Amino acid sequence: MSKKWILILGLLWSYLGHSQAKQPLSYYLPEITYDAKIPTPEAFLGYQIGEWHISHDQQLAYMRKLAELSPRFKLTEYARTYEGRPLVYIAITSERNHQNLADLKAKHLMVSNPAQADKADLKNTPLVIYQGFSIHGNEPSGGNAAPLVAYYLAAGQGPEIEKLLNDVIIVFDPAFNPDGFQRFSGWANQHRNRHLTGDPQDREYNEAWPGGRFNHYWFDLNRDWLSGAHPESRGRAKIFHEWMPNILTDHHEMGTNSSFFFMPGVSTRVNPITPKQNQELTIKIGQYHVKYLDEIGSLYYSQEGYDDFYYGKGSTFPDAQGCIGILFEQASSRGHLQESANGLLTFAFTIRNQVRTALSTQKAAVDLKQELLEHQKTFFQSGIQEAKNDARLGYVFGDAFDHARLDRLVEILLRQDIEVYNLGSKVTVDGKTFEPNHAFLVPLEQKQNRLIRGIFETTTTFEDSIFYDISSWALPLAFDLPYAALTKKGADGKILGAKVEGSKPERAAITPPALSNYAYILEWEDYYAPRALQFLQSKGLRTKVGMSGITLQGKKYAAGTIMIPVQNQSATPTEIHQWVAEIVREFNVRIDGVGTGYTTEGIDLGSNNFQTLRQPKVMLVIGEGTSPNTAGEAWHLLDTRFDMVISKVEADDIARSNLSRYNVIVLGDGTFQTINVAGVSKLKDWVSAGGTIIGIQRAVNWLKSQGIGYVAMKEAKTNDATPLRRPYGEIADDLGAQEIPGTIFEAELDLSHPLAFGYKRSKISVFRDGEVFMEKSKNPYASPLVYTANPLQAGYLNRKYTDLVKNSAGIVVSGTGAGRVIYMADNPNFRAHWYGTNRLFLNALFFGNLISGSAIETEKKE
């Protein structure tokens with residue numbers, strides 16, 4: 001071939017690559033016969049998959065069309081996102097199976113029922129696989145592969161697909177995260193060049209903050225499978241338990257310079273509760289991915305990098321429930337074309353790999369059907385047997401002071417198909433007393449035995465010291481609830497009360513108080529008391545907080561009690577009573593009416609120690625240099641649980657913003673490099689004038705570096721010894737082991753401090769996933785939360801941090817001028833399920849400005 005033709009072909013290849021000429025259907029799918037009545041994705045959309053990023057509304061419309069035309073498809077909407085987008089799944093199986101779907105589902109569910117499994121006819125029982133795509137919206141190859149896989153299942157003809165549809169029911173979830181998926185498709189498409197560039201510096205490949213990964217409130221939905229804080233996750237859990245699949249696949253993306261990953265992950269990083277057979281089957285299924293990817297020459301890897309430890313993650317959640325969870329990670333083009341270490345990476349190529357592994361999973365399901373059903377049967381039966389042999393009867397947990405937190409935990413357990421019982425008789429375990437009406441019991445001898453253990457057990461020793469996600473998530477600790485393992489010997493025959501039916505515990509409605517012409521008293525112990533307070537403040541009512549405890553009309557009220565005077569308000573006594581009654585009925589919080597301000601113990605209601613509250617006017621700093629997760633957690637908490645109006649202001653807009661509109665500014669985790677000198681100066685002036693700043697995690701370091709308040713940081717002791725030699729190949733693991741990967745610690749609260757109002761126990765569990773360590777303040781009143789001397793409760797802690805953590809301050813209060821700066825080393829709103837520390841954050845909003853100037857940390861000048 002002449003040099004001229006080589007040059008022409010090279011230029012042509014370059015043009016085809018960079019313009020990304022559309023790929024034929026055969027690039028993605030097997031060349032078999034397809035039903036001509038079923039439109040291809042290209043025929044429906046007007047473009048071939050891979051040319052553009054499909055939006056969620058287009059994807060949904062295509063799924064609806066397939067369900068309309070194919071007797072193999074039945075589409076069900078199972079939830080709505082915060083932005084109102086439908087979440088749907090399609091039950092896909094043969095037309096004959098659809099005619100008998102309810103009976104087939106019942107047969108399948110017998111396998112996971114330990115009491116019925118021996119009666120199940122496994123040979124004639126369908127296997128169920130749950131295939132889900134793009135839970136991270138900016139990992140789009142999965143969601144763009146979904147229409148192609150759906151077309152194959154709707155229109156494909158021939159003996160192989162007929163056997164698949166006869167033997168298997170596919171629960172097909174095309175978009176786990178519609179809001180994020182829609183957001184990213186808009187970004188990628190609006191920045192697409194006609195002549196594509198692979199330059200990674202191009203705007204197409206660099207999303208604006210917060211990016212499409214997250215849902216509406218900037219949460220990572222792949223960490224929400226267990227706790228179910230969001231409608232997407234609650235809907236998914238319902239579908240999972242409705243079908244009890246044998247395989248669940250979760251299609252993701254990773255860094256552009258990688259290749260393709262499929263499970264299993266690192267063998268030493270599997271949750272020890274998970275039976276070994278789970279990983280053995282995962283390896284067997286992996287051989288099908290090997291075959292299908294080898295056929296198209298795709299690079300891949302397995303058994304490194306990722307793990308199967310945290311049960312709240314999509315590919316590990318199934319492992320605790322008799323299912324094989326499989327993570328797929330495709331190198332991301334993050335747009336339409338990118339340069340990579342493996343050559344030009346086209347969007348079409350990323351989609352192709354996701355299609356191939358979706359089909360290889362289906363093939364594995366057919367071939368391994370008997371083994372997978374046997375595993376599911378054995379999984380639940382062996383769990384019951386383990387529980388019978390266990391000295392523990394189950395876990396008891398409760399709280400006499402705050403039923404709201406208690407009931408939220410019960411709701412999570414019920415959503416995960418866990419049986420919960422009211423406590424039938426009083427019991428004391430490990431020095432903790434639990435009483436009927438205020439406590440619940442979760443027996444271990446039930447179907448979800450292993451998931452229960454994963455939720456309640458704590459451990460501090462591990463085979464491996466590397467964690468892809470968090471190392472502990474004990475939910476009772478997250479909810480700040482006393483709990484204990486109850487032994488069979490320590491339980492009487494009356495310990496098990498009535499089973500909790502429905503979606504949450506039944507509670508008697510609290511009766512609103514009679515009309516008072518003097519005052520109303522709102523107790524601060526209830527989780528939703530801040531919601532009631534902000535409602536009253538939004539009506540323009542003057543509210544006060546008691547800085548110490550009182551006894552009034554024969555009842556004791558703790559420090560932090562809210563008082564609403566009736567006289568000299570802008571509303572009439574009748575209007576105030578109507579609002580109070582509305583609060584009690586809607587939030588089920590207790591509010592008492594009183595007819596006198598004279599107390600028998602403590603300060604009277606007219607005392608100056610009942611201080612007037614200001615309504616929080618909150619500004620949340622967001623944008624480049626801030627963590628979407630931490631910011632989103634604060635936004636979600638205030639917006640959805642406490643009905644508070646907040647303003648989200650970009651960090652680089654602070655210098656241009658009118659800060660006088662706010663009295664509280666929240667800085668979540670971040671580096672804040674986009675706040676310029678003028679912005680810092682403005683924050684300093686604002687604080688000095690009486691504002692309250694709350695700095696969380698790395699915001700502590702930034703505030704200190706800018707001279708906004710003062711806090712002393714705790715530093716590791718230097719080691720002058722010559723470091724030991726280590727193998728070069730251990731670098732990654734050694735560095736990973738030095739992180740704090742989400743660990744639970746015990747801290748001590750000063751219950752008299754305004755930031756601790758509403759708490760009844762001085763010990764509290766805090767969650768840490770960062771390395772911010774603060775010294776206790778030299779002012780003895782300015783450290784309301786301090787880690788204990790032996791703080792590790794659950795999770796992994798590298799020994800280099802042992803001395804740094806113990807006796808360090810979790811919260812330090814500083815001040816500048818008339819303002820306050822509240823430093824929080826840990827995130828009190830972690831993933832919307834750390835209910836136990838939410839109150840610390842809310843107290844900072846409502847009471848931060850009331851903290852005495854004599855109780856703040858100030859820099860000592862030598």
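Just so it is clear, the structure is predicted and the values come from calculations on it, not from any experiment.

Moving on, we come to unusual backbone geometry. Here the bond from Trp209 into Pro210 is cis, since omega is 0°, no more than 30 degrees from zero. Topologically, Pro210 is positioned in the loop between α9 (178-190) and α10 (231-243). Cis geometry is adopted by the peptide bond preceding Pro264, which originates at Met263 and carries an omega value of 15°. Take Pro264: it is sitting in the loop between β6 (260-262) and α11 (276-294). In the Ramachandran plot, Met244 falls in the positive-phi region, its phi being about 45° despite a non-glycine side chain. Relative to the elements of secondary structure, Met244 occurs in the loop between α10 and β5 (247-254). According to the relative accessible area criterion, Met244 is buried, its value standing at 0%. Phi is positive for Gln303, close to 60°, though the residue is something other than glycine. With respect to the helices and strands, the residue Gln303 is situated in the loop between α11 and β7 (324-331).

Across the interface, helix α17 (residues 529-538) lies against helix α18 (residues 573-587) with an axial gap of 10 Å and an inter-helix angle of 150°. The orientation of α17 with respect to α18, classified from their angle, is roughly antiparallel. The way α17 lies across α18 gives a crossing that is right-handed. Of the residues in α18, those in contact with Arg531, Ala532, Phe535 and Leu536 of α17 are Trp579, Val580, Glu582, Ile583, Glu586 and Phe587. Partitioning the contact of α17 with α18 into residue classes produces seven nonpolar, no polar and three charged.

Looking at the secondary structure, you find Ile693 in strand β27 (residues 692-696). The class for Ile693 is buried, based on a relative accessible area of 0%. Residues Ile693 and Leu683, spaced ten residues apart in sequence, show a C-alpha to C-alpha distance of 8.9 Å. Here Ile693 is in contact with Ile665, Leu667, Leu683, Trp686, Val687, Leu703, Ile708, Arg820, Val821 and Ile822, once residues within four sequence places are set aside.

The rules behind the values
Residues numbered from 1 in each chain as written. Predicted model: local features only at pLDDT ≥ 70, side-chain atom pairs only at ≥ 80, totals over all residues. Heavy atoms only, no water. Helix = DSSP H or I, 4+ residues; strand = E, 2+ residues; numbered from the N terminus. Buried < 20%, exposed > 50% of the residue type's maximum accessible area, 1.4 Å probe, protein only. Axes fitted to C-alpha atoms, helices over the stretch in contact; angles between N-to-C directions. Parallel < 35°, antiparallel > 145°, perpendicular 65-115°, else oblique. Left-handed = near helix turned anticlockwise from the far one by under 90°. Contact = heavy atoms within 4.5 Å. Nonpolar A, V, L, I, M, F, W, Y, C, P; charged D, E, K, R; others polar.

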